[in-house]
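Coordinate analysis (summary)
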Amino acid sequence: MKMGRGRTSRIRRRKLFRSSVSRGVNESYKPEFIELKKWLKDRKFEDTNLIPACFPGTGRGLMSKTSLQEGQVIISLPETCLLTTDTVIRSYLGAYIAKWRPPPSPLLALCTFLVSEKHAGDQSVWKPYLEILPKAYTCPVCLEPEVVNLFPKPLRAKAEEQRARVREFFSSSRGFFSSLQPLFSEAVGSIFSYRALLWAWCTVNTRAVYVKPRRRRCFSAEPDTCALAPYLDLLNHSPHVQVEAAFNEETRCYEIRTASSCRKHEEVFICYGPHDNQRLLLEYGFVSIHNPHACVYVSEDILVKYLPSTDKQMNKKISILKDHDFIENLTFGWDGPSWRLLTALKLLCLEAEELLPVPPPAWKGLSAYMAACCLVQAAPSARVHYLAKAQYMLEKNTSWRNHFRYK
C-alpha cells in the first residue's frame, strides 16, 4: 500500500508515532504476573483497571485498560494483600521478636521477614510477590564507590551518610539474626548477609506505602508506618500528577484515587511527593525529567568561594550558620534561590559592625537573630540592604548557576 504524502497523512503518522512512544507493551502474559494475579485473587483482589506493562523511559509500570476519570479509585488493595509488621508478628518470627531485647525496630522486622521468605524459595507463601521484586536497586547505597565519587559534593555526602546508616543497621542487627538460628539448618550468617539485608532495606525504602502508625510493645519506638503493597507498588512516579492514597478503614483496603484523568492504554502514575531529584535518587534510585521540584544544592565551599575573601568575620558567620543548621540544604530552584540560601547570604553579607554576638538558644533560631541584626541599625536602609546585597551577589556571580547543571 502506497504511503500518503499529503498533510492529513503526515498528521496521522505523527499521532500514531506519539501514541506508539507513550504506550507500553503489555506484560500481563508473563508467567510471574500470571502467578501474581492468581495469588492476589486468592486474597480477594481482582483489578479491572490496570495491567502490567513496560514503558519507554520509565520501564515496568501499570497501564490503564479503560479511560480513568478524575476522582476515580484506580486501585483498591485488600488488607489481606499488605505485608506489614502484623504479618511478621503472626509468622514464625513473632515469638523471636517478642522476646528479643532491646526490642527490634519495625524496619528490622520487615527486612528480616523479606530475607527469610526469599531464602525459603518455593516454600514461601509470598513467592509470587517476591518474584516480581527487583533483583537489585540503583539507590546510591547500592552503587560502587567510584560511581558515587562522580556525584556533586552535596549528593555525595548524603550518599555516604546513607551507606554508613545501612552499615550500622546491619552491624547492630547481627545479634538478632543469630537468635534465629533454630529456624534454619544453614548458618544464619550466610542467610542474613549484608547484601541480603541491603536488598531488603531497599525494597522497604523504595516500595513501601504509608499506613497509620501502630504501637506495639515488641517493637522499638521508631514509627511503624510502612506496608508493602503487592501490585500497587508497580505504579511509577510522576511529579505532574496528584493522587489521594490512604488505607480505608471501612473497606479495609489501601486505596488510591486519582485527581486527574488518564486515557486508555496510557501509563498510570502516582506522585511519591514533591521531591527534588537528589531526594528521588537517594530514596528511590531514579531522577525525574522535567521535574518542577528540581533544584541545585550549594555546598559550603561554593558558598564561601564567591564571597569576599577579605571578610575577617567569615569563620564566625559560618559558625553561626552551622549552629542553626543553615549550612545545608541551600538550593537554587526554578524560581531562584531558596529562602534558606537567601537567609544564609544575608548573614554572610553583614558588615563587622552589623554582626551581633552569637545568639543564645532562647532566641529560637537564625530568623530571630537576623531580625535583631537588621533592627540594630538606625538607618531605614539597614533593614533592607541585606536582601539587596544577596541579590547583587547572585546576579554578579552568574557562574554559580552555570556551575550546577545536573538537574
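What counts as what
Residues numbered from 1 in each chain as written. Predicted model: local features only at pLDDT ≥ 70, side-chain atom pairs only at ≥ 80, totals over all residues. Heavy atoms only, no water. Helix = DSSP H or I, 4+ residues; strand = E, 2+ residues; numbered from the N terminus. Buried < 20%, exposed > 50% of the residue type's maximum accessible area, 1.4 Å probe, protein only. Contact = heavy atoms within 4.5 Å. Areas by Shrake-Rupley, 256 points an atom, 1.4 Å probe, with all protein chains shown as cover. pLDDT = per-residue confidence, 0-100. Core = buried A, V, L, I, M, F, W, Y, C linked by side-chain atoms within 4.5 Å. Pairing = 2+ DSSP bridges. Axes fitted to C-alpha atoms, helices over the stretch in contact; angles between N-to-C directions. Parallel < 35°, antiparallel > 145°, perpendicular 65-115°, else oblique. Left-handed = near helix turned anticlockwise from the far one by under 90°. Nonpolar A, V, L, I, M, F, W, Y, C, P; charged D, E, K, R; others polar. Salt bridge = Lys/Arg side-chain N within 4 Å of Asp/Glu carboxyl O.

1. Points about the overall build of the protein
- Along its length, the protein carries 17 helices and 13 strands.
- Considering the protein as a whole, with its 407 residues, one finds that 45% of them fall into the buried category.
- Restricting the contact set of the protein to residue pairs at least 6 apart, pairs at least 24 apart contribute 69%.
- Carbon and sulfur atoms make up 54% of the accessible area of the protein, which amounts to about 22300 Å² in all.

2. Comments concerning unusual backbone geometry
- The omega torsion across Arg101 and Pro102 is -5°, close enough to zero to call that bond cis.
- Of note, Pro102 is situated in the loop between helix 4 (94–99) and helix 5 (106–120).
- A positive phi is found at His290, a non-glycine position, where the angle reads about 55°.
- Tracing the backbone through its elements, the reader meets His290 in the loop between helix 11 (277–284) and strand 11 (295–297).

3. Notes on the confidence of the model for the protein
- Overall, the predicted model of the protein reaches an average pLDDT of 85, with 82% of residues at or above 70.
- Low confidence marks residues 16–21, where pLDDT is under 50. Its contacts with residues over four positions away, or in another chain, come to one contact.
- For the stretch residues 375–387, pLDDT sits under 50, and the model shows 17 contacts to residues farther than four places along the chain or on other chains.

4. Considerations on the nonpolar core
- Formed by 69 residues in total, the largest nonpolar core has its most connected members in Ile75, Tyr231, Leu232 and Leu235.
- Here this core gets nine residues from one element, more than from any other, and that element is helix 10 (residues 194–207).
- Ignoring any residue separated from it by four or fewer positions in sequence, one finds Tyr231 in contact with Leu36, Lys37, Leu40, Phe45, Asp47, Leu50, Ile51, Pro52, Leu62 and Ile75.
- In terms of nonpolar packing, the next biggest core, distinct from the first, is built from 22 residues, Ile302, Leu330, Phe332 and Cys349 among them.

5. Remarks on the sheet that holds strand 9 (residues 253–258)
- Ordered in space as 4-9-8, the three strands form an open sheet in which the pairing is antiparallel. The strands lining the two open edges of the sheet, one partner per strand, are strand 4 (73–78) and strand 8 (243–248). On average, each strand axis in the sheet is inclined to that of its neighbour by 10°, with strand direction left out of account.

6. Quick word on the packing of helix 8 (residues 153–179) against helix 11
- Contact geometry of helix 8 with helix 11 gives a least axis separation of 11 Å together with a crossing angle of 25°. With respect to helix 11, the element helix 8 is oriented roughly parallel. Seen along the crossing, helix 8 lies across helix 11 with a hand that is right-handed. Side by side, helix 8 and helix 11 meet where Pro154, Leu155, Lys158, Ala159 and Gln162 of the first sit next to Gln278, Leu281 and Leu282 of the second.
- Residue composition of the contact of helix 8 with helix 11, grouped by class: five nonpolar, two polar and one charged.

7. Some details on the pattern of salt bridges
- Within the structure shown, the criterion is met by 12 salt bridges.
- Its salt-bridge partner being Asp224, residue Arg214 comes within 3.2 Å of it at the nearest N-O pair. Highlighted residues: Arg214 in the loop between strand 5 (209–210) and strand 6 (226–227) and Asp224 in the loop between strand 5 and strand 6, separated in sequence by 10 residues.
- Taking the relative accessible area as the measure of exposure, Arg214 reaches 23% and is therefore partly exposed.
- Taken together, the shared-partner salt bridges in this structure form one network comprising Glu79, Glu249 and Arg252.

8. Topic: the pairing of strand 8
- The pairing of strand 8 with strand 9 spans six bridges and is classified as antiparallel. Looking at the pairing, Asn248 lines up with Cys253 of strand 9.
- Connecting strand 8 to the antiparallel partner strand 9 that follows it, the hairpin turn spans four residues, and Arg252 within it adopts a positive phi of roughly 60°.

9. Examining the pairing of strand 3 (residues 59–64)
- Pairing of strand 2 (residues 50–55) with strand 3, which is carried by six bridges, proceeds in the antiparallel orientation. Residue pairing across strands places Cys54 opposite Arg60, the latter belonging to strand 3.
- Counting the residues between successive antiparallel strands, the hairpin from strand 2 to strand 3 contains three residues, one of them, Gly57, with a positive phi of roughly 95°.

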